[in-house]
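What follows is each chain in one-letter form.
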Amino acid sequence: MNKKRNGWQVMYGLIGLIKPLLLPMTVAIIMGTAGHLCATFITVLGGYGILSVLGLFSGMAMKYITIVLISLAVFRGILRYSEQACNHYIAFRLLARIRHMVFQKLRILAPAKLDGREKGNLIAIITTDIELLEVFYAHTISPICIAVLTSGFMVWFIGKRHIFLGLVAFLGYFLVGILIPMFNGKLGAKLGQRYREKFGELNSTVLDNLRGIREINQYAQIEQRKNKMNQKTEDLKAAQSQLKRLESWQRVMTDISIIGTGVFMIIVAAILEQQGKIDFSESLLTVIAIMSSFGPVAALSSLSNNLHQTLASGNRVLNLLEEEAVTKEVDDGNEFVAGDIQCNNLTFYYNKGKSTQILSGLNVHLKHGTIIGIHGKSGCGKSTFLKLLMRFFETTEGEICYRDTNINKINTKSLRAHIAYVEQETFLFHDTIENNLKIAKEDATMEEVISAAKKASIHDFIEALPQGYKTIVSELGSSVSGGEKQRIGIARAFLKDSDYIFLDEPTSNLDSLNEAVILKTLKKEQQSKTIVLVSHRRSTMNITDTTIHMEETV
Ligand SMILES: Nc1ncnc2c1ncn2[C@@H]1O[C@H](COP(=O)(O)OP(=O)(O)OP(=O)(O)O)[C@@H](O)[C@H]1O
């Protein structure tokens, strides 16, 4: 799903995600605004103090001015601290909330979503994009609101002396807080994006070099790889210095605009004073007030470079959260009952209309209690067929029935609970071997775990490890071979002890000795189970009762 939204729509959508946190956010914004106003009025009150000493102001005794000044300074400190504390609370809570929402969504979208070619994108969304949203919530929304509120208040305060003065203040804030950021945003968006691209390129070159260090040594590529990395570093440096130049230019423009507004204010105040519309003290206080109140709007000018990227991240997160599952889970259907599997006129496309057909009119009958072998040329759809039997994807046409019940009418959880599916790649978690096996059956006893490992011909290997079944997988590093991983995957399937076992190339990395042990176990287990075996190996296919030649059926 790739819906494009404009900046406002993204902001609206992102604010909608954090409704429960709107209250603390509002409190943080109010405290931030009050804190900035305290800081401004410390200077303004200082002006009143000077006027009072000069005998030009008698509205408040010096003693009270001093008390209010000290109180404002204390409040400023308290408000700043509370605003920061509030912002940190919000930042952690909202990241946790959005991560939770994304993972909940992934549970619905998986496994089809995780099966596809978008894994890389998903990882980027889960890591970088969500992280960047913190910038949006804590460092974009809040500063914008604070800038609007403080400058609104100051326009009113200054405008109370004379409407023209209020107008000058409004124009100054508008220039610094809106026009300059918008102008810079246009210039900075491209440079910012270029910088991030170059940063990403350097990162992946470094990672590539680390991962491929063996190949680099083996093929004497050190010099070439070093030159490539230096080139990427130079590119990054160039992009960075362009961005820095723009940032300096932004600062200069902002400072000139602030000083320009101050000068303009002095001129307008002087004219009004000459015309007798305001007195000297009012014009002095107006100039002090405007010059000391630009902090919140000036902060907006630095937002613009990142805003583009932040909103793009927001758009991707919103897209993921709005995505509909390719295959909706059935939870109001029938409980699973084991029996023969019948596929009638099975047809399947991964993306309807867009890509090529994978299966076309497949009719097969998989008898319960037998071993069925599937073979065919690479890419003809063997693994896809198993995924359809697992209901990772819905069939495009035709039907799959388990004991005469259409797969779409069986509760998905119940269906998958009765099938052990071993994919071509086995993933091992950073945990003990025992726990890695037990993910197939959490409450398994040690005897059951060992028995499953023996059936998969991996028990001896585990026993020979220094801590046996308690060995942490990652401590073995890359010393777990492809064949050992594969046997751990198969042991999981034996431990699950379900009615159906679907094995996708289970023996591709095994020597004939281990293969023989596993095939013997499968033959033994067959009476009570349906075993579907996808394999290119003749020796493995020898144990099957029936064989389906995939290319012949498509
Ligand atoms: N999630 C997916 N989205 C789109 N196309 C896919 C997806 N998964 C697989 N394909 C494509 O579907 C076709 C069949 O893939 P499949 O993995 O089922 O083949 P296979 O017969 O198991 O191949 P092999 O023997 O090489 O494992 C291939 O062209 C593959 O690139």
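Residues numbered from 1 in each chain as written. Predicted model: local features only at pLDDT ≥ 70, side-chain atom pairs only at ≥ 80, totals over all residues.

- The protein chain has the name ABC transporter ATP-binding protein in an unreviewed UniProt entry, where Velocimicrobium porci is given as its organism.
- According to its UniProt record, the protein chain has this under Subcellular location (unreviewed entry): "Cell membrane". (UniProt positions renumbered as here; feature names shortened; annotations may be inferred.)

Quick look at the sheet that holds strand S3 (residues 371-375)
Phase 1 of the analysis: Read from one edge of the open sheet, five strands run S6-S7-S8-S3-S9, paired in parallel fashion. Edge positions in the sheet fall to strand S6 (419-422) and strand S9 (546-549), since each has one partner strand and no second. For this sheet, the mean angle separating the axes of adjacent strands, direction not counted, is 15°.
Phase 2 of the analysis: Pairing between S6 and strand S7 (residues 500-504): four bridges, direction parallel. By the bridge assignment, Val422 is partnered in S7 with Leu503. (Pairing = 2+ DSSP bridges. Helix = DSSP H or I, 4+ residues; strand = E, 2+ residues; numbered from the N terminus. Axes fitted to C-alpha atoms, helices over the stretch in contact; angles between N-to-C directions.)

Observations regarding the UniProt feature "coiled-coil region" (unreviewed entry) in the protein chain
Phase 1 of the analysis: As annotated in UniProt, the feature "coiled-coil region" (unreviewed entry) corresponds to residues 219-249 in the numbering used here.
Phase 2 of the analysis: Span residues 219-249 is 90% helix and 0% strand, its end C-alpha atoms 47 Å apart.

Considering the packing of helix H15 (residues 446-455) against helix H17 (residues 482-496)
Phase 1 of the analysis: Remark: H15 packs on H17, axes separated minimally by 8 Å, with the N-to-C direction vectors making an angle of 130°. On the basis of their axis angle, the class for H15 and H17 is oblique. Along this stretch, H15 crosses H17, giving a crossing that reads as right-handed. For the pair H15 and H17, contact is made by Glu448, Val449, Ala452, Ala453 and Lys455 and by Ala491, Phe494 and Leu495, respectively.
Phase 2 of the analysis: In terms of residue class, the contact of H15 with H17 is made up of six nonpolar, no polar and two charged. (Parallel < 35°, antiparallel > 145°, perpendicular 65-115°, else oblique. Left-handed = near helix turned anticlockwise from the far one by under 90°. Contact = placed C-beta atoms within 7 Å. Nonpolar A, V, L, I, M, F, W, Y, C, P; charged D, E, K, R; others polar.)

Focus on the pairing of S7
Two faces, one strand: in a regular strand the side chains alternate between the faces of the sheet.
Phase 1 of the analysis: When you tally the buried positions in S7, you get five out of five residues, the bulk of the element.
Phase 2 of the analysis: Of the two faces of S7, the one carrying Tyr500, Phe502 and Asp504 and the one carrying Ile501 and Leu503 are both buried.
Phase 3 of the analysis: Two strands pair when backbone bridges link them, and S7 and strand S8 (residues 530-534) are joined in this way by five bridges, in the parallel orientation. Bridge pairing in S8 places Ile501 opposite Ile531.
Phase 4 of the analysis: One crossover worth recording links S7 to the parallel S8 by way of helix H18 (residues 512-525), and it is right-handed. (Buried ≥ 20, exposed ≤ 12 C-beta atoms within 10 Å, placed from the backbone. Right-handed = clockwise from strand over helix to strand, strands pointing away.)

Some thoughts on the nonpolar core
Phase 1 of the analysis: Counting 53 residues, the largest nonpolar core has Leu437, Ala453, Ala491 and Phe502 as its most contacted members.
Phase 2 of the analysis: Ranked by residue count, the leading element in this core is H17, at six residues.
Phase 3 of the analysis: Contact partners of Leu437, with chain neighbours within four places excluded, come to Val449, Ala452, Ala453, Ile488, Ala491, Arg492 and Leu495.
Phase 4 of the analysis: Formed by 50 residues, the second largest nonpolar core is a distinct cluster that contains Met31, Leu37, Phe41 and Leu307. (Core = buried A, V, L, I, M, F, W, Y, C linked by C-beta atoms within 7 Å.)

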